[in-house]
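Reading the structure
Spelled out, the chains give:
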Amino acid sequence: MPNCLILSDASNHNSMIEGIRQSGSERQIWRHNDVAHLEELLAAAEPNRPKLIAFESLYSMDGDMATDRRICDLAERYGAMTYCDEVHAVGMYGPRGAGVAARDGNMHVST
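Every chain's residues receive numbers from 1 upward, in the order its sequence appears when written. Selection of residues for local features in this predicted model requires a pLDDT of at least 70, selection of side-chain atom pairs for listing and counting requires 80 or more, and totals for whole chains, interfaces and linings are taken over all residues. Side-chain figures throughout are based on the complete set of non-hydrogen atoms in the structure, without hydrogens or water.

**Brief notes about the overall build of the protein chain**
Secondary structure elements follow DSSP: runs of H or I no shorter than four residues count as helices, runs of E no shorter than two count as strands, and numbering proceeds from the N terminus. A count of helical and extended segments in the protein chain gives 4 helices and 6 strands. Going residue by residue from the N terminus, the α and β elements of the protein chain occur as β-α-β-α-β-β-β-α-β-α. Classification of residues uses two cut-offs on accessible area relative to the type maximum, computed with a 1.4 Å probe and protein chains only: under 20% is buried, over 50% is exposed, and between them is partly exposed. Residues classed as buried in the protein chain amount to 39% of the 111 residues present. Note on contacts: a residue pair qualifies if any of its non-hydrogen atoms lie within 4.5 Å across the two residues. The long-range fraction of contacts in the protein chain, counting pairs at least 24 apart against all pairs at least 6 apart in sequence, stands at 61%. Computed with a 1.4 Å probe, the accessible areas rest on the Shrake-Rupley method; for each residue, only the protein chains presented here act as cover. Carbon together with sulfur atoms contributes 51% to the accessible area of the protein chain, which is approximately 6,100 Å² in total.

**Description of the state of the cysteines**
Two cysteines whose sulfur atoms are joined by a covalent bond form what is called a disulfide. Cysteine sulfurs are considered disulfide-paired once they come within 2.5 Å of each other. Under the defined criterion, the tally for this structure stands at 0 disulfides. Cys84 supplies the cysteine sulfur nearest to Cys72, a cysteine that is in no disulfide, at a spacing of 7.3 Å.

**What to know about the confidence of the model for the protein chain**
For every residue, the predictor states its confidence as a pLDDT score lying anywhere from 0 to 100. Taken residue by residue, the protein chain gives an average pLDDT of 83. The fraction at 70 or more is 71%. Across the protein chain, helix H2 (residues 35-44) holds the top mean pLDDT of 98, while helix H4 (residues 100-103) sits lowest at 60.

**Quick notes on the nonpolar core**
By size, the foremost hydrophobic cluster in this structure holds 15 residues, and its most contacted members are Leu7, Trp30, Leu38, Leu42, Ile53, Phe55 and Ile71. Among the elements of the structure, strand E1 (5-9), H2, strand E3 (51-56) and helix H3 (68-78) are those that each provide at least two residues to this core. For this core, the element with the highest residue contribution is H2, accounting for 4 residues. Setting aside chain neighbours within four positions, we find Ile53 in contact with Leu7, Trp30, Leu38, Leu42, Ile71, Ala75, Ala80, Met81, Thr82 and Tyr83. In this text, buried Ala, Val, Leu, Ile, Met, Phe, Trp, Tyr and Cys residues form a nonpolar core when linked through side-chain atoms within 4.5 Å. Cys4, Met16, Ile20 and Ala54 belong to the second-largest nonpolar core, a separate cluster that totals 5 residues.

**Focus: the pairing of strand E2 (residues 26-30)**
Between any two strands, at least two bridges found by DSSP are needed for them to pair. With 5 bridges connecting them, E1 and E2 associate as parallel partners. When the bridges of E2 are listed, Asp9 appears paired with Trp30. Classification remark: right-handed applies to a crossover when, strands pointing away from the viewer, the course from the first strand over the helix to the second runs clockwise. Read from E1 through helix H1 (residues 14-23) to E2, the crossover connection turns out right-handed.

The following block contains the structure:
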């Protein structure tokens, strides 16, 4: 996606970080689970620029969970897309192990 700005949580695992690097897109790192910092970065970005927020639902190294609904609300407000990696949550959360978004009733949220 030309001119896409990727906003990545500081605690994303290495495979996500490497994928972001390999994309060649500009990236900005927001403090882990700090949606206020994420909003600052989104507000400073050009409004019409494509933006992608990359985060994990469950951070396996420390057991933190993302505030996925708040992140999706910010994405909608600032015209961004989201990529939520559920790899550490699948099989553990939600109906039939579908993950945190399913557990929290957020599977319908699309940005």
